[in-house]
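Residue-level listing of the chains:
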Amino acid sequence: MAYEPLRMIWDYADGPRTGVADHDGRPHYFSCVFDDELGIYGDLFDITPIDEETFAWAQEHWAIWQRWETEAHAGRLSADSHPKYGHFDPRYNELEALLDKAIDRLATQTVRRHGEIRRASIDGELFPGQWNRLEIEWTQPPENAPG
């Protein structure tokens, strides 16, 4: 197996929880699995291949967030102006609704994988204020994995 890029991270809490990452060179929605027994998120992910239209929506959604984060890091916007609140760019919420429906529609293709995340080396900023790029290596989960 090889490390592949985490393209978009939509939720992050002590690590990426949802977003888009490549698997076998193709974009997939990922969602980190919560381990009820341990009460934590682990290194298991449900991953769903996404089609070209869904990926285009995801890229547009991500671009809006990147523009907002650039402005927020520069001190020109406050946290309460987050795109999710509809003030920065109303298209953000439209895209989120489209993405949710598409991911639900594609859910029958979801598989569970173990994901090993590491920081990738990069030259310069990904976009203003963003320096870290993460990548993930997918493997089959152990047979005794939760879920």
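Above: the structure in question.
Residues numbered from 1 in each chain as written. Predicted model: local features only at pLDDT ≥ 70, side-chain atom pairs only at ≥ 80, totals over all residues. Heavy atoms only, no water.

1. A closer look at the packing of aromatic side chains
In this structure the tally under the stated criterion is five aromatic pairs. Summarising the aromatic geometry, the rings of F30 and F45 are spaced 5.8 Å apart at their centres and angled 75 degrees between planes, so their arrangement reads as edge-to-face. Separated by 15 residues along the polypeptide, F30 in strand β3 (residues 26–35) and F45 in strand β4 (residues 40–49) bring together distant segments of the chain. Relative to Y41, the ring of F34 lies with its centre 5.1 Å away and its plane at 75 degrees, an arrangement referred to as edge-to-face. In textbook terms, an aromatic cluster arises when at least three aromatic residues are bridged by ring pairs, as seen for F30, F45 and W138. The residue whose ring lies beneath R118 is Y3, and the NZ or CZ to ring-centre distance is 3.6 Å. (Phe/Tyr/Trp six-rings, centres within 6.5 Å; stacked < 30°, edge-to-face > 60°. Helix = DSSP H or I, 4+ residues; strand = E, 2+ residues; numbered from the N terminus. Lys NZ or Arg CZ within 6 Å of the ring centre and 35° of its normal.)

2. Notes on helix α1 (residues 52–73)
Between its terminal C-alpha atoms α1 stretches 31 Å, which fits the 32 Å expected from 22 residues at 1.5 Å a residue. For α1, the full list of buried residues reads T54, F55, W57, A58, H61, W62, I64, W65, W68, E69 and T70. Residue G75 follows α1 closely and has a positive phi angle near 85 degrees. (Expected span 1.5 Å × (residues − 1). Buried < 20%, exposed > 50% of the residue type's maximum accessible area, 1.4 Å probe, protein only.)

3. Re the environment of T108
Tracing the backbone through its elements, the reader meets T108 in the loop between α2 (91–106) and β5 (111–120). For T108, a relative accessible area of 74% puts it in the exposed group. Each C-alpha atom, one on T108 and one on T48, is 8.3 Å from the other, the two residues being 60 residues apart in sequence.

4. Brief notes about the packing of α1 against α2
In contact at an axis separation of 9 Å, α1 and α2 are set at 145 degrees when each is read in the N-to-C sense. Remark: the crossing between α1 and α2 carries left-handed chirality. Contact residues: α1 offers T54, W57, A58, E60, H61, I64 and W65, while α2 offers R91, Y92, L95, E96, L98, L99, A102, R105 and L106. Taken together, the residues that form the contact of α1 with α2 break down as ten nonpolar, two polar and four charged. (Axes fitted to C-alpha atoms, helices over the stretch in contact; angles between N-to-C directions. Left-handed = near helix turned anticlockwise from the far one by under 90°. Contact = heavy atoms within 4.5 Å. Nonpolar A, V, L, I, M, F, W, Y, C, P; charged D, E, K, R; others polar.)

5. Let's talk about the side chain of H28
By the element assignment, H28 lies in strand β3. One polar contact links the side chain of H28 to the main-chain carbonyl oxygen of R26, over a distance of 2.8 Å. Sequence-distant contacts of H28, defined by excluding residues within four places in its chain, comprise G19, V20, A21, H23, I47, T48, P49 and I50. (Polar contact = N/O pair within 3.5 Å; in protein donor to acceptor, adjacent residues only side chain to side chain.)

6. Looking at the environment of I50
Looking at where I50 falls in the secondary structure, it is placed in the loop between β4 and α1. Overall, I50 belongs to the buried group, its relative accessible area being 4%. Sequence spacing of I50 and R105 is 55 residues, and the spatial spacing of their C-alpha atoms is 9.8 Å. Apart from the residues lying within four places of it in its own chain, the contact partners of I50 are V20, R26, P27, H28, Y29, F55 and L106.

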